[in-house]
Amino acid sequence: MTLQLIAVSDAYAATTIEVAPTRPDAYSEIQKQLNLAKKKPENGPYTIVVAPGSYTIGHSLKLYSNTTLKLEGVSLSHGSSTRSNMIRLGDGSDTQQGYYYQNITVVGGDLNHMGQSNTTIKLAHGKNIKIKNVTVRNTRDGHLMEVAGVKGLTIEGCVFRDQVQVSRSEDIAEALQIDILNQKHMPGYRSEDLPMKDITIKNCTFENVPRGIGAHTAVLNRYVKNVIIKGNRFKNLKSDAIRIMNFYNCRIEGNRIENAPRGIVAYMGHSKGMYLASSLAREGGVPTNTQTTYKAPYKNQKISIRKNSIAVSGSHIYSGGTVEGIFVCGYSFSRDLKKGSEHDAIPKGNYYISGVAVSDNTIKTTGHGIRLDNARYSTVRGNKITYTGSKSGGASYFGIYALSDSRVDYIKANKVSNMKNHGILVASKSKVKTITGNTIKSPRKCGISVQNATVTTMTKNSISKSGAAGVSVLLSGRVDSMNKNKISSPKGAGITLESRARVRSVSGNTIVSAKKYGIAIADIKGPTSITKNKVSKCGKYAVYVNKKAKKQRVSVKSNKLTGRRSLALVRIEGGKVSVSGSRTSVKIAKEAKRP
């Protein structure tokens with residue numbers, strides 16, 4: 001039964017049609033009205049209102065331009081053993097190109113895919129698409145929603161739930177996938193190098209799904225642009241809650257993530273899922289101007305990850321995944337990739353990720369807090385990270401971890417508690433300009449460790465009750481200036497410089513109640529100045545220069561060193577050491593020489 005209401009203005013016609021299906025398969029009655037937008041576009045835009053009730057559909061409902069489908073109070077169940085979508089843009093074998101289908105809205109409805117192994121809602125070649133207050137559920141080894149080649153997409157107030165992955169493939173089915181237009185990933189649509197852009201996903205719920213919002217495909221040198229992922233809730237996942245890949249100008253803000261093994265992941269390149277624009281153009285017969293040779297990424301990709309609440313634990317659906325709150329990752333290929341089943345022959349080059357600001361997130365984790373891997377021009381500020389897992393056995397986890405030649409502007413004003421390993425680790429040729437104002441409590445090992453990496457300035461950090469040193473610099477690590485840090489009750493030394501460390505200045509630091517040494521120096525590289533520090537209540541020496549210092553120059557000057565009267569405050573076993581200034585008692589080993 002249909003009721004057609006037509007309202008006409010001077011500018012355009014508008015048609016509202018109410019449908020109350022009566023047949024066991026409601027598909028034909030609803031689709032008949034949806035087809036009017038294709039057959040009689042002059043009477044549009046169309047609003048198709050399905051009467052509240054529970055219905056079964058045996059085929060996918062196809063949407064065309066200038067259509068609003070209202071499903072408020074409606075439950076739709078997939079009623080066929082034939083694999084198909086429940087809602088899709090365009091015909092089953094669509095040949096359109098560009099952002100062809102425009103001005104389409106779906107409001108309300110409960111879409112139950114009844115365990116079918118196909119995508120429930122599929123959208124491509126579209127512009128100005130809105131999906132509001134829709135529940136999408138119960139699919140197997142498929143996406144709940146998949147979109148590609150859409151400009152202007154709003155998904156608001158929707159619920160994505162009860163998505164089952166039976167296959168053990170590492171190609172995890174996202175609840176909401178942002179995809180590309182090639183035949184492997186979007187069959188039924190014309191292949192084209194047509195980028196996703198202007199996307200808003202807000203106030204949605206993702207529950208009992210493998211991965212929440214995700215992209216595991218990308219086109220080389222073609223970015224997904226202008227994305228907001230805001231105010232969503234993720235609960236009971238088996239992989240990443242949010243995963244982006246090859247995005248530019250993206251804001252991930254105010255989301256809540258519970259019971260997932262990984263919170264938010266931002267990739268630039270990847271060893272899988274990368275395709276050439278020429279491949280898409282060849283498949284679809286649509287020319288492209290996108291470059292297929294290596295092109296350095298933008299220096300500022302404008303990615304903001306802020307004010308999210310993240311609780312991660314458990315294990316990934318596939319082996320090898322790391323538990324962590326936030327992971328920011330670029331890839332560097334030293335040789336061209338050979339074409340594979342999941343990627344094209346991507347040219348060698350450094351596909352670093354850049355311009356990522358990670359700020360004001362609250363993270364509870366049984367793994368890493370925040371990990372930056374080959375990230376450039378990025379910042380980490382104001383995050384609160386708490387380790388909630390076991391501190392014995394297993395892998396090493398760090399509160400904030402920069403590795404693989406990352407270049408970080410600053411790590412600032414973060415609070416890190418109870419980490420299994422170091423609170424902050426900078427390693428593997430990474431460079432951080434400033435580590436400042438961080439508060440680190442009770443790490444199992446060091447508060448801050450710099451290993452085979454460079455920190456320009458380390459200042460005004462507060463470190464308490466570390467299981468090893470408060471600060472360690474080792475394995476050719478370098479710190480130009482280490483000043484005004486406060487270190488209390490470390491089980492090792494307050495500050496340790498060893499294994500070819502290079503530190504120019506250790507100045508104005510306060511170290512209290514170190515179980516061993518206040519400042520310990522071993523086989524350093526280059527001269528070190530130890531000035532104006534306050535060191536007290538150490539279990540052994542306030543300043544200790546190990547024999548491994550050999551002939552390196554160490555200046556110990558104008559420090560305030562206090563301790564038990566029965567012990568010397570400075571012990572020198574090696575190096576070319578000068579000691580002067582405030583109250584100091586010096587003990588020189590026989591093999592050492594005072595200059």
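The following paragraphs examine the structure supplied in this document. These numbers were taken from a predicted model, which means no experiment stands behind them.

**Description of the overall build of the chain**
Move 1: Scanning the chain for helices and strands turns up three helices and 62 strands.
Move 2: Seen through its principal axes, the chain has C-alpha atoms that stretch 100 × 50 × 45 Å.
Move 3: Taken over 595 residues, the chain has a buried fraction of 57%.
Move 4: Pairs at least 24 apart in sequence give 67% of the contacts found in the chain among residues at least 6 apart.
Move 5: When the 92 basic and 38 acidic side-chain charges of the chain are each reduced to a single mean position, those positions are 18 Å apart.

**Here's the deal with the packing of aromatic side chains**
Move 1: Per the stated rule, a full pass over the model turns up 16 aromatic pairs.
Move 2: Here the aromatic rings of Tyr100 and Tyr101 are separated by 4.9 Å at their centres, their planes lie at 90 degrees, and the arrangement is edge-to-face.
Move 3: One aromatic cluster is present, built from ring pairs that chain together Tyr267, Tyr294, Phe327, Tyr331, Phe333 and Tyr351.
Move 4: The ring of Tyr410 has Lys412 lying over it, and the distance from NZ or CZ to the ring centre is 5.9 Å.

**Quick notes on the pattern of salt bridges**
Move 1: Counted by the stated rule, this structure contains 23 salt bridges.
Move 2: Close ionic contact of Arg140 with Asp141 constitutes a salt bridge, the shortest N to O distance being 3.9 Å.
Move 3: A residue is classified by how much of its surface remains accessible, and Arg140, at 36% relative accessible area, is partly exposed.
Move 4: The exposure class of Asp141 is partly exposed, given its relative accessible area of 30%.
Move 5: Put simply, Glu174, Arg211, Asp240, Arg243, Arg262, Glu324 and Arg371 are held in one network by salt bridges that share partners.

**Let's talk about the side chain of Ser117**
Move 1: Take Ser117: it is sitting in the loop between strand 10 (110-116) and strand 11 (121-132).
Move 2: Once you skip the residues sitting within four places of it in the chain, Ser117 turns out to touch Arg83 and Arg140.

**Section: the environment of Met268**
Move 1: If you trace the backbone, Met268 turns up in the loop between strand 25 (262-267) and strand 26 (274-275).
Move 2: Along the sequence, Met268 and Val545 sit 277 residues apart, while their C-alpha atoms lie 45 Å from each other.
Move 3: Discounting residues that sit within four places of it in the chain, Met268 has contacts with Tyr223, Met245, Asn246, Pro297, Gln301, Cys329, Gly330, Tyr351, Tyr352 and Ile353.

**Details of the environment of Thr292**
Move 1: Residue placement: Thr292 occurs in the loop between helix 3 (277-284) and strand 27 (303-306).
Move 2: The class for Thr292 is partly exposed, based on a relative accessible area of 32%.
Move 3: Excluding anything up to four places from it in sequence, Thr292 contacts Leu220, Asn221, Leu276, Ala277, Ser278 and Pro347.

**Considering the pairing of strand 13 (residues 145-156)**
Move 1: Summarising the sheet, strand 11 and strand 13 pair through ten bridges and their orientation is parallel. Pairing of Lys132 across the sheet is with Glu156, part of strand 13.
Move 2: Bridge count for strand 13 against strand 15 (residues 174-178) is three bridges, and the pairing is parallel. Across the sheet, Met145 pairs through a bridge with Leu176, a residue of strand 15.
Move 3: Bridge count between strand 13 and strand 16 (residues 197-202): five bridges; the pairing is parallel. Among the inter-strand pairings, Leu153 is bridged to a residue of strand 16, identified as Ile199.

**Focus on helix 1 (residues 27-34)**
Move 1: By the criterion of burial, helix 1 is predominantly enclosed, with six of the eight residues buried.
Move 2: Turning to helix 1, its buried residues number three or more, namely Tyr27, Glu29, Ile30, Gln31, Gln33 and Leu34.

**Notes on the state of the cysteines**
Move 1: One pass over the full model with this rule turns up zero disulfides.
Move 2: In this structure Cys250 is a free cysteine whose sulfur lies 15 Å from that of Cys204, the closest cysteine sulfur available.
Move 3: Cys446 forms no disulfide, and the closest cysteine sulfur to it belongs to Cys538, at a distance of 16 Å.

**A word on the nonpolar core**
Move 1: Counting 157 residues, the largest nonpolar core has Ile155, Phe160, Met482 and Leu497 as its most contacted members.
Move 2: In terms of residues, this core owes the most to one element, strand 13, which gives six residues.
Move 3: Those residues in contact with Leu497 that sit more than four places away from it in its chain are Val473, Met482, Val503, Val506, Ala520, Ile521, Ala522, Ile524 and Thr528.
Move 4: Counting six residues, the second largest nonpolar core, distinct from the first, contains Ala493, Tyr541, Tyr544 and Ala568.

Procedures and definitions
- Residues numbered from 1 in each chain as written.
- Predicted model: local features only at pLDDT ≥ 70, side-chain atom pairs only at ≥ 80, totals over all residues.
- Heavy atoms only, no water.
- Helix = DSSP H or I, 4+ residues; strand = E, 2+ residues; numbered from the N terminus.
- Buried < 20%, exposed > 50% of the residue type's maximum accessible area, 1.4 Å probe, protein only.
- Contact = heavy atoms within 4.5 Å.
- Lys, Arg positive; Asp, Glu negative; His and termini not counted.
- Charge placed at Lys NZ, Arg CZ, Asp CG, Glu CD.
- Phe/Tyr/Trp six-rings, centres within 6.5 Å; stacked < 30°, edge-to-face > 60°.
- Lys NZ or Arg CZ within 6 Å of the ring centre and 35° of its normal.
- Salt bridge = Lys/Arg side-chain N within 4 Å of Asp/Glu carboxyl O.
- Pairing = 2+ DSSP bridges.
- Disulfide = S-S within 2.5 Å.
- Core = buried A, V, L, I, M, F, W, Y, C linked by side-chain atoms within 4.5 Å.

As far as function goes, none of this settles anything; it's purely spatial.
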